[in-house]
Amino acid sequence: MVMGDMEMSTDLLVIGGGPGGYGAAFRAVDLGLDVILVEQRQRLGGLCLHAGCIPAKTLLHLTQLLDETRRAKKMGLHFGEPEIDLAALRNWQQQVITSMADNLTNLGKRRGVLVLRGRARFSGAGAVRLEGAEISGIKFKQAIIATGSRPRLLPGLVLSPGGRIMDSTAALALTEIPKTLLVVGGGYVGLELGSIYASLGSRVTLMEKQDRLLAKADADLVAPLQARLAEQFAATHLATRVEGLEETEAGVTVRYTQGGKTTEQPAEHVLLTIGRIPNSDDLGLEHTGVSLDSRGFIKIDDQLRTTDARIFAAGDVTGGVMLAHKATRQGRIAAEVIGGKKVGFDVRAIPAVVYTEPQIAWCGLTEEGARRENIPHAVQRYLLQDSGRTMNGFTKLLSHPADGRILGVGLVGGDAEGFIGEAALAIEMGALAEDLALVLHPYPTMAEGQ
Ligand code: FAD
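Values in this document were obtained by computation on a predicted structure and should not be read as measured data.

**Student:** How do you make sense of the side chain of Ser399 when you look at a structure like this?
**Tutor:** Mapped onto the elements of the fold, Ser399 is located in strand β22 (residues 394-399). Since its relative accessible area comes to 6%, Ser399 is described here as buried. Setting aside residues up to four positions removed in sequence, Ser399 forms contacts with His377, Ala378, Gln380, Gly404, Arg405, Ile406, Leu407 and Ala433.

Structure representation (structure tokens):
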């Protein structure tokens, strides 16, 4: 690394300190590369640690506890109504985040990754300018872009801090528990956050433009959750497209179309979770050979190379499945390719978990995907009520009818988050349904359902 004139140079520049970026930087240093990571936030961890996975999962942990105590009544255990101390709760949430951020910082330091705080923009071939940093620019031999994504908003909508229309980041800050909340969007973020607010006492209504929730999961896996939400939420309106939101003194005016008719309705607070867009628009990519697709995601090949020979990309900014573990794997693969290894991103099963009550998880081929693409498949279902734990929900295993190779697994209920990892392992190892059945699983657990 050469310092001079407030400029530095490095073998590998990583832009973004989220799961994609730190995954790449840590692996690259382990391979002996000279690495600088630039992150605009104060701490490493990205969206996932600061405004995504971890703040959401800490709150879900807490609300699951709340729901358990409520359910305990049926088992003869009575708790009083809980007192919710929002300030203490936020403090606890922040402690979890800080401790994980410290851990990441230490992992980076121990390895010798140089982390610079600032905003990077490409300024020419092999060079970036930095904003808000002590160093003005960096020259690099190779770079990995891992700048992530941000919430998609409705056209023309601008959110004001502390306003009545929130994105997921504002909702996770939990500044208040509104009496009523309209959640727009029935993907996993809307469902997880809607469940949190409902458990804490908000009357939650959900609007989703498609005629189903969680469109990427099989409908039969979603049905038990939908039944639970019918009790938990005030209403769920499917095939209802929110066209516009306008903040007024008294609340928010919601314009939506349902059954071909457009109507307006007031709401007290709104949480907008209609997807995410890539952070690729303010990166100076016009100074590079990097190409974007029609939605602004960076085009990559299976070795994470962009259309510019010097530059790779990983994580949400490349689109597809937008999950932290996928971002980290992509980052690591990009670093390995740069380090000279002959590897590629070749993953058959990216596990997805929706941390609602009941939980839903799946990986590999879905049943609807198999039908859509005419892939031969056999399906085995196991009702969890038949397991030793008499849980609600079921497991579903898709295998190839000719040789029994496991193609996909779906789970709803029980310990879905714990078990989906075993399903991913089985698919990646090319296991047969019979192999899974021959493994002695502990009784009574969800895993015996395979
Ligand atoms: P990010 O984590 O977004 O990191 C990108 C980083 O780049 C950011 O820190 C940003 O500040 C920085 N950056 C951007 N531009 C620049 C620049 N020009 N210069 C310097 N720095 C820059 N995924 C899961 O797997 N499990 C979950 O349970 C889960 N829960 C979620 C819950 C919510 C509410 C949300 C919104 C998301 C959740 N996700 C979850 C998705 C997960 O957070 C993302 O897939 C993951 O963070 C993507 O990692 P990344 O490294 O690509 O991007």
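Now that the structure is up, let's keep going.
**Student:** Explanation requested: the state of the cysteines in the structure shown.
**Tutor:** Evaluated as defined, the whole model comprises one disulfide. Between the sulfur of Cys48 and that of Cys53 lies a disulfide, 2.3 Å long from S to S. Taking the sign of the torsion about the S-S bond as the criterion, the disulfide between Cys48 and Cys53, at about -125°, is left-handed. No disulfide involves Cys363; its sulfur sits 18 Å from the nearest other cysteine sulfur, which is in Cys53. Given the relative accessible area of 1%, Cys363 is considered buried.

**Student:** Before we go on, may I ask you to explain the sheet that holds strand β15 (residues 261-267) in this structure?
**Tutor:** One key point about sheets: their strands pair by backbone hydrogen bonds, in either a parallel or an antiparallel sense. Taking strand neighbours across the sheet as the criterion, the three strands line up as β13-β14-β15 in an open arrangement whose pairing is antiparallel. For this open sheet the edge positions go to β13 (240-247) and β15, each flanked by a neighbour on one side alone. Along the sheet, successive strands turn relative to each other by an average axial angle of 25°, direction set aside. Of the strand pairs in this sheet, β13 and strand β14 (residues 252-258) are connected by seven bridges, and their pairing is antiparallel. Across the sheet, residue Thr240 finds its bridge partner in β14, namely Gln258.

**Student:** Would you take a moment to explain the domain arrangement of the protein chain for this structure?
**Tutor:** In many reports, interface size means the accessible area that the parts give up when they come together. Its domain assignment divides the protein chain into domain 1 (7-150 + 277-338), domain 2 (165-274) and domain 3 (352-449). On a C-alpha basis, the centres of domain 2 and domain 3 stand 29 Å from each other. The partner domain 3 presents 18 residues to the 16 residues of domain 2 that form the contact. Between domain 2 and domain 3, the buried area comes to about 1300 Å², and carbon and sulfur atoms account for 64% of it.

What counts, and where the lines are drawn
Residues numbered from 1 in each chain as written. Predicted model: local features only at pLDDT ≥ 70, side-chain atom pairs only at ≥ 80, totals over all residues. Heavy atoms only, no water. Helix = DSSP H or I, 4+ residues; strand = E, 2+ residues; numbered from the N terminus. Buried < 20%, exposed > 50% of the residue type's maximum accessible area, 1.4 Å probe, protein only. Contact = heavy atoms within 4.5 Å. Disulfide = S-S within 2.5 Å. Pairing = 2+ DSSP bridges. Axes fitted to C-alpha atoms, helices over the stretch in contact; angles between N-to-C directions. Domains from an automatic or database assignment. Buried area = accessible area lost by both parts, 1.4 Å probe.

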